[in-house]
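Descriptive analysis of the structure
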Amino acid sequence: ATINSGTTSIWLDIGHAGMQMNGDHAWIVIATTASGSPAWVEFYSSESDLENRPMIAINYTDVNTVSISPSGSTTDADTSVQFSHILTNISGGMIGEDVVWTVESNSSGTIDSSGLYTPEIVGTQYITACFGVICATESISVTPGTPTLLIVDQTDVTITADGTHEIVAIVVDQHGNQVFGETISYQTTNGSMIGTTFYPYNSGNQTVTVSWNIQSIDVAINVSGGTPVYYETTGCEDVIKAGTTCELEWALYDQFGNELDLADGGGITWTVGGGIFTESNKTFFAVTVGNYAINMSSTQGIFHEIPIVIDHGEMASLEIEASSTTVTADEVVWLNTARVDIMGNRLPVELLEANWTVSDGQITAGQPAVWEAQRRGSKSITATYAGMTGSVTVVVTQGEIAGIIMVIDSEEQATDAQLNLTADEEVRVKIKATDADGNKWSNINVAWTIEHALYNDQSVLQGSPYDSETRFVPVRASDSTYRLRATYTDANLSITLETTIQFSVTHGELVDV
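In what follows, the accompanying structure is described. Since this is a predicted model, take the numbers as computed values, not measurements.

What follows is about the sheet that holds strand 37 (residues 377–385). Spatial strand order, 31-38-37-34: four strands in an open sheet with mixed pairing. Only two strands of the sheet have a single partner each, and these edge strands are strand 31 (326–328) and strand 34 (356–358). Averaged over all neighbouring strand pairs, the angle between strand axes comes to 30 degrees, with direction disregarded.

What follows is the structure, given as structure tokens:
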């Protein structure tokens with residue numbers, strides 16, 4: 001019995017089965033209260049007013065047992081079961097009285113006064129029939145009824161592309177009991193289903209349609225981007241000319257290719273080769289020709305490399321590189337030519353012979369081109385390519401001495417030339433050197449000798465016998481010619497160089513008879 005502040009009396013059933021009326025009986029009434037809510041109740045037991053004293057109602061019956069049928073039956077939640085009872089006295093004789101039917105507190109369903117049980121929840125349920133305090137209890141097993149409704153526990157879910165969602169979908173009967181063995185299908189707008197688990201792919205609003213029989217329920221799944229995994233870049237794929245720019249665009253993606261906010265990847269450290277990259281305007285400025293890379297490294301541990309190919313840019317000048325700018329006439333100069341772009345990158349180019357202009361010598365086209373020096377002096381070599389001109393100046397000195405020439409009165413004399421003079425005259429003879437290219441110069445010393453068939457007096461040669469010049473002062477006329485010989489020797493020469501000239505000397509003026 002439950003007592004509250006307004007209760008003035010209570011009734012307690014204190015009898016039990018098999019209780020004898022002629023026995024002595026004692027009862028203890030124990031009250032319990034809700035936790036944390038102390039209470040008390042006062043009972044009157046000996047007041048003079050008989051109405052306030054406890055009242056005892058004594059019911060006597062011959063009923064000894066109550067039996068219930070059917071026993072241990074099974075039904076589904078849609079089907080009612082009719083229970084019946086039998087009352088017997090202690091001798092086994094039947095007594096025709098009604099009982100009170102109840103469903104135990106730990107069981108479900110309802111039962112009317114006639115014993116018709118209407119089930120609800122599956123499981124083992126307990127039915128009790130009582131005649132007074134004489135009771136019997138019987139169990140009944142309830143199974144699911146006919147499936148009637150599809151139920152999904154969650155129809156609006158948010159996950160990331162890296163996550164999953166377990167869809168709990170069941171089919172129930174009219175009382176909400178799950179009916180097992182029903183086929184439930186799943187159809188996704190994106191992603192995949194493995195069993196009852198949804199695996200997303202694309203981010204965004206996705207739908208999984210759960211279907212059974214002719215019923216369907218849509219589960220709305222909002223898929224956000226997953227963990228950042230990689231970058232993709234566009235804009236600098238083509239070959240970039242030195243001195244020009246390309247604009248780089250980059251985007252961040254998860255493992256399924258869903259684009260994420262760049263901030264999700266953290267800060268980026270840029271390592272650049274061959275040029276300059278400015279993150280603020282996303283521009284790469286190409287400087288040096290070659291194959292390079294722009295490397296991206298984020299604070300979230302994502303690395304990405306962008307290959308960069310830089311080619312020669314707009315031409316700024318034509319460069320001529322000479323193997324030497326000071327040579328002898330015997331030597332050659334190798335000329336390497338290159339176009340130089342606006343960033344200083346050099347590209348070797350081979351020019352046709354028609355593209356060369358030389359002030360002297362002979363040039364042979366090629367890479368390198370070859371210029372053969374000839375005449376002494378400062379020589380200009382000019383080349384033209386793609387509308388641009390370059391030049392180089394080479395100073396040429398005489399080559400190795402290849403011959404010597406006698407000079408009289410500024411006139412060069414052929415070897416063994418013959419001159420006529422009288423014994424009264426004299427001749428001043430100088431010497432010049434010449435190289436293989438015909439370059440001539442003076443101030444070289446030679447050995448001077450005079451040769452004659454009869455007269456071998458060297459005193460007719462005035463001056464040093466080893467000098468750059470001499471004077472031939474003949475004394476005696478002769479029918480035989482005098483031969484003046486100049487000889488040049490050098491430790492670097494494998495041969496001795498000589499030249500000669502002949503003089504025919506006749507009598508001078510008569511001065512005495």
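Continuing now.
On to the environment of Y199. Within the fold, Y199 resides in strand 17 (residues 197–199). Taking the C-alpha atoms as reference points, Y199 and T160, 39 residues apart in sequence, are found 9.9 Å from one another. Non-local contacts of Y199, meaning those with residues more than four positions away in its chain, are made with T164, G191, S192 and I194.

What follows covers the packing of aromatic side chains. This structure, assessed with the given rule, holds nine aromatic pairs. An angle of 55 degrees between the planes, with centres 5.0 Å apart, marks the rings of Y201 and F256 as tilted. Of this pair, Y201 sits in the loop between strand 17 and strand 18 (204–212) while F256 sits in the loop between strand 23 (249–253) and strand 24 (259–260); the two residues are 55 residues apart in sequence, bridging distant segments of the chain. We classify Y201 as partly exposed; its relative accessible area is 40%. Since its relative accessible area comes to 22%, F256 is described here as partly exposed. Where W250 meets F277, the ring centres are 6.1 Å apart and the plane angle is 65 degrees; that geometry is what we call edge-to-face. Linking W250 in strand 23 with F277 in strand 26 (residues 275–278), this pair joins segments that are 27 residues apart in sequence. The class of W250 is buried, set by a relative accessible area of 12%.

Looking now at the nonpolar core. Counting 28 residues, the largest nonpolar core has I401, I404, I444, W448, F472, L484 and F503 as the members making the most contacts within it. Going through the elements one at a time, strand 39 (401–408), strand 41 (417–422), strand 42 (427–435), strand 44 (446–451), strand 48 (482–488) and strand 49 (497–506) are the ones with two or more residues in this core. Once residues lying within four places of it in the same chain are set aside, the contact partners of F472 are L421, E425, E426, V427, I450, V460, L461, Y482, F503 and V505.

The subject of this paragraph is the pairing of strand 10 (residues 134–143). Taking every second residue as pointing to the same face, the buried face of strand 10 carries I134, A136, E138, I140 and V142, while none of C135, T137, S139, S141 and T143 on the other face is buried. When strand 2 (residues 73–76) meets strand 10, the two strands line up parallel, connected through four bridges. Bridge pairing in strand 10 places T74 opposite S141. Of the pairings in the sheet, the one linking strand 9 (residues 123–131) to strand 10 comprises nine bridges and is antiparallel in character. Note on strand 10: the bridge partner recorded for Y126 is S139.

Once that is clear, we can look at the state of the cysteines. By the definition in use, this model includes two disulfides. Covalent S-S linkage joins C130 and C135, the inter-sulfur distance amounting to 1.9 Å. The sign of the 115 degrees torsion about the S-S bond sets the C130-C135 disulfide as right-handed. For C135, a relative accessible area of 40% puts it in the partly exposed group. Two residues share a disulfide in this structure: C236 and C246, whose sulfurs sit 2.0 Å from each other. In this structure, the disulfide formed by C236 and C246 twists by about 100 degrees around the S-S bond and is classed as right-handed. Residue C236 is located in the loop between strand 20 (230–234) and strand 21 (240–241), and its partner C246 is located in strand 22 (residues 245–247); the two are separated by ten residues in the primary sequence. Of the residues examined, C246 reaches a relative accessible area of 10% and is grouped as buried.

Rules used throughout
- Residues numbered from 1 in each chain as written.
- Predicted model: local features only at pLDDT ≥ 70, side-chain atom pairs only at ≥ 80, totals over all residues.
- Heavy atoms only, no water.
- Pairing = 2+ DSSP bridges.
- Helix = DSSP H or I, 4+ residues; strand = E, 2+ residues; numbered from the N terminus.
- Axes fitted to C-alpha atoms, helices over the stretch in contact; angles between N-to-C directions.
- Contact = heavy atoms within 4.5 Å.
- Phe/Tyr/Trp six-rings, centres within 6.5 Å; stacked < 30°, edge-to-face > 60°.
- Buried < 20%, exposed > 50% of the residue type's maximum accessible area, 1.4 Å probe, protein only.
- Core = buried A, V, L, I, M, F, W, Y, C linked by side-chain atoms within 4.5 Å.
- Disulfide = S-S within 2.5 Å.

Purely geometric stuff here, so don't read any function into it on its own.
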